[in-house]
Amino acid sequence: MKVNTYLTDGFETVEALAVIDILRRAGITVDMVSIEKSVDLVTQYNLKIKAEFTVDQLNLNDYSFLVIPGGKAVILTHLSSKITEDVVNHFAKKNQLIATICAAPSAVGKLGYLKNKEFTCFPGFEEYVVDGIYLPNKNVVVSNNYITAKAAGVTFDFAKEIIKYLTNEKTANKVINSVYYKG
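What counts as what
- Residues numbered from 1 in each chain as written.
- Predicted model: local features only at pLDDT ≥ 70, side-chain atom pairs only at ≥ 80, totals over all residues.
- Heavy atoms only, no water.
- Axes fitted to C-alpha atoms, helices over the stretch in contact; angles between N-to-C directions.
- Helix = DSSP H or I, 4+ residues; strand = E, 2+ residues; numbered from the N terminus.
- Left-handed = near helix turned anticlockwise from the far one by under 90°.
- Contact = heavy atoms within 4.5 Å.
- Nonpolar A, V, L, I, M, F, W, Y, C, P; charged D, E, K, R; others polar.
- Core = buried A, V, L, I, M, F, W, Y, C linked by side-chain atoms within 4.5 Å.
- Buried < 20%, exposed > 50% of the residue type's maximum accessible area, 1.4 Å probe, protein only.
- Salt bridge = Lys/Arg side-chain N within 4 Å of Asp/Glu carboxyl O.

**A short note on the packing of helix 5 (residues 155–166) against helix 6 (residues 169–178)**
Point 1. Packing of helix 5 against helix 6 brings their axes to within 8 Å, and their N-to-C directions diverge by 145°. Once helix 5 is placed against helix 6, the crossing between them reads as right-handed. Counting all contacts with helix 5, which are made through F156, K160, I163 and K164, the residues of helix 6 involved are E169, T171, A172, N173, V175 and I176.
Point 2. Of the residues belonging to the contact of helix 5 with helix 6, the class tally is five nonpolar, two polar and three charged.

Printed below as a string of structure tokens:
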């Protein structure tokens, strides 16, 4: 089981790095992948990080699922990126898990993949989702092979649902309890 965490300049720091950390604690292989021409990235709040790969160095068939964090990267890049569209299409057509948080569900929803599915996102970004069922009062929503979450404040809940989806509730609880998160 291997995840492609899809990053571009301006991604929300906590939504990406905390999820990567928690998934790795669960024994899930997580690759940090840049869609930029470089592995050098700057987060929404100016933290400089180095991704492990650029998207053109990968074979997407080597990955079991996709995580896209939110932040201003969604507006600046993901909503108009052909690369993002191609990557989302790849995982969606194979019915593999796509987990998105904050503004990022809009990058999946604009392609119609959340049609008739329950979802949540950062308020205002539901407008990009084609015919989805927006649940504004939910922090995390699991709908078939899609997990969506509202914002940075629910990052641990989001990571827990990903682990539960991929393994089981016992493993998810063990990992979350190991960091003393009480939700």
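**A look at the nonpolar core**
Point 1. L23, I28, F65, V67, F158, I162 and I163 are the most contacted members of the largest nonpolar core, which totals 33 residues.
Point 2. At five residues, helix 1 (residues 13–25) tops the list of elements feeding residues into this core.
Point 3. Excluding residues within four positions of it along the chain, F65 makes contact with M1, K2, V3, N4, L23, I28, F91, L97, I162 and L166.
Point 4. Judged by nonpolar contacts, the second largest core, of 26 residues, contains L79, F91, I98 and Y113.

**Details of the pattern of salt bridges**
Opposite charge on two side chains makes pairing possible when the charged atoms of those side chains draw close.
Point 1. In this structure the tally under the stated criterion is six salt bridges.
Point 2. Measuring nitrogen to oxygen at the nearest pair gives 3.7 Å for the salt bridge that ties K2 to D31. In this pair, K2 sits in strand 1 (residues 2–7) while D31 sits in strand 2 (residues 29–34), placing the two residues 29 residues apart along the sequence.
Point 3. By relative accessible area, which is 26% here, K2 ends up partly exposed.

**Regarding unusual backbone geometry**
Where the residue is not glycine, phi is negative for most of them; where a peptide bond is considered, it is trans in most cases.
Point 1. Of note in this structure, N95 is not a glycine but carries a positive phi near 55°.
Point 2. Its place among the elements puts N95 in the loop between helix 3 (82–93) and strand 7 (97–101).
Point 3. Positive phi, close to 55°, is recorded for D131, a residue that is not glycine.
Point 4. When you line up the elements, D131 lands in the loop between strand 8 (118–119) and strand 9 (133–134).

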